[in-house]
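Here are the chains, one letter per residue:
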Amino acid sequence: MKKLAIALSILSFTAVFAQKVSDYKYIALPEKFSGFKGDQYKLDVLLTKTLKAKQYVVVSGSRSQWPAEANSNPCSVLNTDIANDSGFLRNKIVLEFKDCNDKVVASQKGSSSIKEYEAGFQDALKQALIIVSTSNPKEILVEKMVQEVQYAEPIKDIPTQSTENVSDKSGK
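Our subject in this report is the structure included herewith. (Residues numbered from 1 in each chain as written. Predicted model: local features only at pLDDT ≥ 70, side-chain atom pairs only at ≥ 80, totals over all residues. Heavy atoms only, no water.)

### Quick look at the overall build of the chain
Now for step 1: A tally of regular secondary structure across the chain gives 5 helices and 5 strands.
Now for step 2: Counting helices and strands in the order they occur from the N terminus, the chain gives α-β-α-β-α-β-β-β-α-α.
Now for step 3: Across the 172 residues that make up the chain, the buried fraction comes to 30%.
Now for step 4: Partitioning the intrachain contacts of the chain with sequence separation of at least 6 by distance along the chain shows that 61% fall at a separation of at least 24.
Now for step 5: Put simply, the chain shows about 12,500 Å² of open surface, and 55% of that area lies on carbon and sulfur atoms. (Helix = DSSP H or I, 4+ residues; strand = E, 2+ residues; numbered from the N terminus. Buried < 20%, exposed > 50% of the residue type's maximum accessible area, 1.4 Å probe, protein only. Contact = heavy atoms within 4.5 Å. Areas by Shrake-Rupley, 256 points an atom, 1.4 Å probe, with all protein chains shown as cover.)

Here it is as structure tokens:
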């Protein structure tokens with residue numbers, strides 16, 4: 001019974017404090033995805049269109065082009081990447097969403113049996129995006145370490161007794 005209570009408390013703790021993609025308002029797309037060369041399959045266009053339909057604000061990977069709200073709190077922006085995980089007969093992709101600390105918030109896999117690369121990768125991306133829910137942003141604060149510096153009076157010199165004086169007082 002005790003083990004069951006501990007397991008339930010751990011499960012509820014992770015469910016309460018876990019981050020989801022829908023907690024974010026902004027999603028940043030890189031210039032090119034890690035698993036692909038440039039913009040060869042138009043995956044960025046499809047991803048942007050789908051995320052905007054789900055009420056996300058899509059920004060570029062360059063921080064200089066971000067809105068002021070996103071620049072003031074970079075942890076409110078979720079970074080995305082698409083990796084090519086294709087096999088012999090299927091086009092497969094892995095869609096990853098990472099937070100500002102480069103921790104993976106969500107990772108979805110999509111696959112397609114369409115043989116043409118452009119249509120196959122786009123179909124796989126559509127399947128991976130089915131799981132992503134609409135945006136319901138929550139305020140995510142920047143985690144900073146605050147260091148407090150306290151000034152105290154300098155330590156006064158305490159006269160030290162030499163070992164010779166101590167041995168004389170002990171009576172030896």
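Right, picking up where we left off after that structure.
### Points about the pairing of strand 2 (residues 57-60)
Now for step 1: As judged from the 4 bridges shared by strand 1 (residues 26-29) and strand 2, these two strands associate in the parallel manner. Bridge pairing links Tyr 26 to Val 57 in strand 2.
Now for step 2: Of the crossover connections in this fold, the one passing from strand 1 over helix 2 (residues 43-53) to the parallel strand 2 is right-handed. (Pairing = 2+ DSSP bridges. Right-handed = clockwise from strand over helix to strand, strands pointing away.)

### Here's the deal with the environment of Val 21
Now for step 1: Examined against the element boundaries, Val 21 turns out to sit in the loop between helix 1 (2-17) and strand 1.
Now for step 2: Its relative accessible area of 8% is what places Val 21 among the buried residues.
Now for step 3: Taking the C-alpha atoms as reference, Val 21 lies 8.8 Å from Asn 136; in sequence the two are 115 residues apart.

### A closer look at the packing of helix 2 against helix 4 (residues 117-129)
Now for step 1: At a minimum axis distance of 10 Å, the contact between helix 2 and helix 4 shows a crossing angle of 25°. By the angle between their directions, the pair helix 2 and helix 4 is classed as roughly parallel. In this structure, helix 2 meets helix 4 at a crossing whose hand is right-handed. Here Leu 43, Leu 46, Leu 47, Thr 50 and Leu 51 of helix 2 come into contact with helix 4, specifically with Phe 121, Gln 122, Leu 125, Lys 126 and Leu 129. (Axes fitted to C-alpha atoms, helices over the stretch in contact; angles between N-to-C directions. Parallel < 35°, antiparallel > 145°, perpendicular 65-115°, else oblique. Left-handed = near helix turned anticlockwise from the far one by under 90°.)

### Observations regarding the pairing of strand 4 (residues 91-98)
Now for step 1: Sheet topology note: the strand 3 (residues 77-84)/strand 4 ladder contains 6 bridges and is antiparallel. Within strand 4, the position partnered with Ala 83 by the bridge is Val 94.
Now for step 2: The loop that links strand 3 with its antiparallel partner strand 4 comprises 6 residues.
Now for step 3: As paired elements, strand 4 and strand 5 (residues 104-112) share 8 bridges and run antiparallel to each other. Bridge pairing in strand 5 places Ile 93 opposite Gly 110.

### Digging into the environment of Lys 54
Now for step 1: Of note, Lys 54 is situated in the loop between helix 2 and strand 2.
Now for step 2: By relative accessible area, which is 16% here, Lys 54 ends up buried.
Now for step 3: Put simply, Lys 54 and Ser 135 are 81 residues apart on the chain and 6.2 Å apart in space, counted from C-alpha to C-alpha.
Now for step 4: Other than its neighbours up to four places away in sequence, Lys 54 contacts Leu 129, Ile 130, Val 132, Ser 133, Thr 134 and Ser 135.

### Brief notes about the pattern of salt bridges
Now for step 1: A full pass over the atoms with the stated rule returns 3 salt bridges.
Now for step 2: We note a salt bridge from Lys 98 to Glu 96, for which the minimum N-O separation is 3.9 Å.
Now for step 3: We classify Lys 98 as partly exposed; its relative accessible area is 24%.
Now for step 4: The partner of Asp 102 in a salt bridge is Lys 98, and the shortest N-O contact between them spans 4.0 Å.
Now for step 5: Residue Asp 102 is classed as exposed on the basis of its relative accessible area, which comes to 56%.
Now for step 6: Bridged by salt links that share partners, the residues Glu 96, Lys 98 and Asp 102 form one connected network. (Salt bridge = Lys/Arg side-chain N within 4 Å of Asp/Glu carboxyl O.)

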